[in-house]
Amino acid sequence: MDIRTGQSGSDEDRLAPFAARPSESRGRLYSEPDSAHRSPFQRDRDRIIHSSAWRRLKHKTQVFVEHEGDYYRTRLTHSIEVAQIARTIARVLRLNEDLAEVVALAHDLGHTPFGHTGEEALAGCMAPHGGFDHNAQALKIVTSLERHYASFDGLNLTWETLEGIAKHNGPLQPPWPFTIADYVARHDLDLHTQASAEAQIAALSDDIAYVNHDLHDGLRAGLFSLEAAAELPLVGDCLGEVDARHPGLDQHRRRHEALRRVFGLMVDDVLATSRARLDDVAPGSLADVQRAGRPVIAFSDWMASDIGTIKEFLFGNMYRHFRVKRMRSKATRVVEDLFRLFLADPALMPEEWTAACRDCGEDPTARARVVADYIAGMTDRFALEEHRVLTDPMARA
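For clarity, every value in this text was computed on a predicted model and none was experimentally measured.

Participant: Break down the packing of aromatic side chains for me, with residues and values.
Facilitator: Applying the stated criterion to the full structure yields six aromatic pairs. Ring plane angle 75° and centroid distance 6.5 Å describe the contact between phenylalanine 315 and tyrosine 319, whose orientation is recorded as edge-to-face. Residue phenylalanine 315 and its partner tyrosine 319 are located together in helix α15 (residues 301-319), separated by four residues, close to a single helical turn. Plain terms: the ring middles of phenylalanine 342 and tyrosine 374 are 5.4 Å apart, the flat faces sit at 65° to each other, and that makes the pair edge-to-face. Of the two residues, phenylalanine 342 is situated in helix α16 (residues 322-344) and tyrosine 374 in helix α18 (residues 364-376); the sequence distance between them amounts to 32 residues. Both residues of the pair, phenylalanine 342 and tyrosine 374, count as buried. Site record: aromatic cluster; members linked through ring pairs are Tyr30, Tyr149 and Phe152. Sitting over the face of the ring of tryptophan 159, arginine 26 holds its NZ or CZ atom 3.7 Å from the ring centroid. The aromatic ring of tyrosine 149 is capped on one face by arginine 47, whose charged end is 5.0 Å from the ring centroid.

Structure, rendered in structure tokens:
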């Protein structure tokens, strides 16, 4: 066992030449002794899982408000599903499973309560102050807002993990979100290059997971029918295969069998397309992947088109369904009201946040960022309760 990597030599030997190797990590912003039993990326994963922000994902939703049902996905279950897909793809392509996993687990840490609705509302509130972006917020959480360690703020993750969190969706061109700009001024993450192949895997695993589970959750909620979904590319063919092999199957099993086939087709497509791209680019190192002119992990053109069609269907039939729109309207009002109230009177927040606002002096943008950090960290249920306490005259503080 290698004390530095927490792995046997054969573990690194099996990796492709362009994979991220623990022994070649660029390290951490603050130097720490190596773990005797875990690689740097495994250690990053464990720090994510033990963070406060990770636990809060349990009560942050994808589409539905958290209290609407126990079976709908939350940000926590979504992140676990993304990590499972990422590990599978990384293993097959001989990439570093641990790095792909930790980027997948961390990718949604910066999400607000109420999913994308909450993010849009908070971004609107923050428009005069530099905006709000959940990817940038995830970086801020792991580099600053998690405050548990004696020697540093944040989780002091490896350079490779931070790079993956910042740019798993592709290179970032300036002007960068203020949170990212603040951090890279002291710790350059090479934002202009492609991310590692492992981080690229996490990004596509996110697409695979949320398309499939939104189809599943939308069907379960009755927002659209299986017959309507059968008109979609991929879904219709998979449903036809299920009916041919299992005639008379009950609707619950029929739905599950069809969607798991859709899931498998997407993963198979990523593997085939990525192998072809890697053969074309022929990277000899991680640096070659980062310098490549395009991602090496990708869907085929036809699969990307089919996924785009499914997303359009979900947008019209799920995200814009009147039941979801009612929730979106209420969620937007909650976030906007909380932002307005806290910005006007920071003393309505807990003392540590009130003190942070005092430290901002007369800088309205700095104060707004503190308020945004507080709201972004809320769970659905906590945001609803804070709103009730602050706006209902009969509620007890």
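The structure having been displayed, the exposition proceeds.
Participant: Give a description of the side chain of glutamate 163 that names residues and reports values.
Facilitator: Following the sequence through the fold, glutamate 163 ends up in helix α8 (residues 159-167). A distance of 3.1 Å separates polar atoms of two side chains, one belonging to glutamate 163 and the other to glutamine 290. Setting aside residues no more than four positions away along its own chain, glutamate 163 makes contact with His168, Leu189, Thr193, Gln194, Ala195, Ser196 and Gln290.

Participant: Describe the nonpolar core, and please don't skip the residues or the numbers.
Facilitator: Counting residues in each nonpolar core, the largest one holds 112 residues, and the members touching the most others are Ile48, Leu109 and Met266. If one sorts the elements of this core by residue count, helix α10 (residues 197-220) sits on top with ten residues.

Participant: Provide a residue-level description of α18, including the pertinent values.
Facilitator: In a regular helix each residue adds 1.5 Å, so 13 residues correspond to 18 Å; α18 covers 18 Å between its end C-alpha atoms and thus fits that length. Turning to α18, its buried residues are Ala368, Val370, Val371, Ala372, Asp373, Tyr374, Ile375 and Ala376. Buried residues belonging to α18 abut α6 (115-125), α7 (134-145), α16, α17 (351-359) and α19 (380-391). Backbone nitrogen of threonine 365 and a side-chain oxygen of the N-cap are separated by 3.0 Å at the start of α18; the cap is aspartate 363.

Participant: Describe the packing of α16 against α19, with residues and values.
Facilitator: The description of two packed helices rests on the angle between their axes and on the distance between the axes. Between α16 and α19, the least distance of the axes is 10 Å, while the angle of their chain directions is 55°. On the basis of their axis angle, the class for α16 and α19 is oblique. Considering how the two elements wind past one another, α16 and α19 form a crossing that is left-handed. Of the residues in α19, those in contact with Arg333, Val334, Asp337, Leu338, Leu341 and Phe342 of α16 are Ala383, Leu384, Glu386, His387, Leu390 and Thr391. Looking at the contact of α16 with α19 residue by residue, the classes come out as seven nonpolar, two polar and three charged.

Calculation rules
Residues numbered from 1 in each chain as written. Predicted model: local features only at pLDDT ≥ 70, side-chain atom pairs only at ≥ 80, totals over all residues. Heavy atoms only, no water. Phe/Tyr/Trp six-rings, centres within 6.5 Å; stacked < 30°, edge-to-face > 60°. Helix = DSSP H or I, 4+ residues; strand = E, 2+ residues; numbered from the N terminus. Buried < 20%, exposed > 50% of the residue type's maximum accessible area, 1.4 Å probe, protein only. Lys NZ or Arg CZ within 6 Å of the ring centre and 35° of its normal. Polar contact = N/O pair within 3.5 Å; in protein donor to acceptor, adjacent residues only side chain to side chain. Contact = heavy atoms within 4.5 Å. Core = buried A, V, L, I, M, F, W, Y, C linked by side-chain atoms within 4.5 Å. Expected span 1.5 Å × (residues − 1). Axes fitted to C-alpha atoms, helices over the stretch in contact; angles between N-to-C directions. Parallel < 35°, antiparallel > 145°, perpendicular 65-115°, else oblique. Left-handed = near helix turned anticlockwise from the far one by under 90°. Nonpolar A, V, L, I, M, F, W, Y, C, P; charged D, E, K, R; others polar.

Keep in mind these values describe shape, not function.
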